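A look at the structure
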Amino acid sequence: MPVQSPIEISNRVIEHIDDIDPLEYHGHWEPVGIARVHNTGTSAMVTFGKRKEQPYIVGGCLGGEKYIFEQLHFHWADTDESGCEHTLEGNKYSMEAHAVHYNSKYKDFSEAKNKPDGLAVVGFFIQACGEKDCPEFKKITEGIRIVQKIHTNASVDSDCLSWIGLQELSKHYYTYKGSLTTAPYFESVTWIIYRTPIYVSKGQVQVFRNLQSCPKDETKKIVNNYREIQKPDKNPEILFARNAKPKSKL
């Protein structure tokens, strides 16, 4: 049964699985068209313009279902010591990025969002560390600097999500059935949470805290835009994709 998200992930209560089909990403950082970054007033969101085909994920814990990219957004706090939504063995990271996808069997995100198999959200922990910028993350932060005012948006390079590829994406992720972490909290999400954080500079995280949250008061910023850990009545089934099958050679 699905639970409310986010949750605390503990290796003591998970099941390790080997030889799972690789989780595959298609088109998330292709140099095609443009991407846009938006200050929504509650987060920073990345979307893609019209393409012949939107990015999608398939395989792994998703089985034969294809999930199409809708948007990616971020959660953060007022310090680098917290800001993520999920925790791993009690560890809190500076940010958490969520790549939201909807099941291609539905017409669009709106139709899919409240269906039990409607959504797949990929979570990436992001940790502020030192002063050296992460080059792959820089295209995102350069866009964030332009959209400081609420409800503004800016074009960024279509490969602005290339930092996702710093992960070994086919495996080493946790998965469970949960919910959206924003209202109305539909329990429609297959969560995919990567174990290893993406390391960026302290300055790159600070840029997000400069985003304005109020059109009439420029001093009000978007901070602490994360949901607290939810405590389910019983432990949810959490799987860890430890190893993936090697791709077959043609």
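- Where an unreviewed UniProt entry is consulted, the chain appears under the name Alpha-carbonic anhydrase domain-containing protein, with the organism given as Stomoxys calcitrans.
- Annotation of the chain in UniProt includes, under Sequence similarities (unreviewed entry), the sentence "Belongs to the alpha-carbonic anhydrase family."

1. Overview of the overall build of the chain
- Counting its secondary structure elements, the chain contains 3 helices and 15 strands.
- Here the chain has a C-alpha radius of gyration of 17 Å; the compact-globule value for 250 residues is 18 Å, and the two agree.
- Across its three principal directions, the C-alpha atoms of the chain cover 50 × 45 × 40 Å.
- Scored against the burial criterion, the 250 residues of the chain give a buried share of 50%.

2. A few points about the environment of Ile144
- Inspection of the secondary structure assignment puts Ile144 in helix α2 (residues 138-146).
- Under the relative-accessibility criterion, Ile144 is labelled buried at 0%.
- Not counting residues up to four positions away in its chain, the partners in contact with Ile144 are Val37, Ala44, Val207, Phe208 and Leu211.

3. Observations concerning the pairing of strand β7 (residues 66-76)
- Judged by how many residues are buried, β7 sits mostly within the fold: 9 of 11 residues are covered.
- For strand β5 (residues 44-48) and β7, the ladder comprises 2 bridges, and the chain directions are antiparallel. Its bridge partner being in β7, Val46 is matched across the sheet by Leu72.
- In terms of strand pairing, strand β6 (residues 56-59) meets β7 through 3 bridges, oriented antiparallel.

4. Overview of the nonpolar core
- Leu72, Phe74, Phe124, Ile140, Leu161 and Trp163 are the most contacted members of the largest nonpolar core, which has 48 residues in total.
- Apart from the residues within four sequence positions on either side, Phe124 is in contact with Tyr25, Met95, Glu96, Ala97, Ala99, Trp163, Ile164, Gln167, Leu169 and Tyr194.
- If you look at the next biggest cluster of nonpolar residues, it comprises 23 residues, including Ile7, Ile68, Leu88 and Tyr174.

5. Focus: the packing of aromatic side chains
- What the rule picks out here adds up to 12 aromatic pairs.
- Judged by centre distance (5.4 Å) and plane angle (5°), the rings of Phe124 and Tyr194 are stacked. Highlighted residues: Phe124 in strand β10 (residues 119-128) and Tyr194 in strand β13 (residues 189-194), separated in sequence by 70 residues. One exposure class covers both Phe124 and Tyr194, and it is buried.
- Ring centres 4.7 Å apart and planes at 40° place the aromatic pair Tyr174 and Phe240 in the tilted group. With Tyr174 in strand β12 (residues 173-178) and Phe240 in strand β15 (residues 238-241), the pair connects residues that are 66 residues apart, well separated along the chain. For the pair shown, Tyr174 and Phe240 are each scored as buried.
- The rings of Phe74, Trp76, Phe124, Phe137, Trp163, Tyr173, Tyr194 and Phe208 are connected pair by pair, giving a single aromatic cluster.
- Over the ring of Tyr106 we find Lys115, and its NZ or CZ is 5.5 Å from the ring centre.

6. Some remarks on the pattern of salt bridges
- As enumerated under the stated definition, the model contains 9 salt bridges in all.
- For Asp18, the salt bridge goes to Arg242, with nearest N and O atoms at 3.0 Å. Taken together, the residues Asp18 in the loop between β2 (14-17) and β3 (23-26) and Arg242 in the segment after β15 connect sequence positions 224 residues apart.
- You can call Asp18 partly exposed: its relative accessible area is 37%.
- One salt bridge in this structure joins Lys66 and Glu53, with 3.0 Å as the shortest N-O distance. Note that Lys66 is positioned in strand β7 and Glu53 in the loop between β5 and β6, a separation of 13 residues in sequence.
- According to the relative accessible area criterion, Lys66 is partly exposed, its value standing at 27%.

Rules used in this analysis
Residues numbered from 1 in each chain as written. Predicted model: local features only at pLDDT ≥ 70, side-chain atom pairs only at ≥ 80, totals over all residues. Heavy atoms only, no water. UniProt positions renumbered as here; feature names shortened; annotations may be inferred. Helix = DSSP H or I, 4+ residues; strand = E, 2+ residues; numbered from the N terminus. Rg over C-alpha atoms; globule rule 2.2 N^0.38 Å. Buried < 20%, exposed > 50% of the residue type's maximum accessible area, 1.4 Å probe, protein only. Contact = heavy atoms within 4.5 Å. Pairing = 2+ DSSP bridges. Core = buried A, V, L, I, M, F, W, Y, C linked by side-chain atoms within 4.5 Å. Phe/Tyr/Trp six-rings, centres within 6.5 Å; stacked < 30°, edge-to-face > 60°. Lys NZ or Arg CZ within 6 Å of the ring centre and 35° of its normal. Salt bridge = Lys/Arg side-chain N within 4 Å of Asp/Glu carboxyl O.

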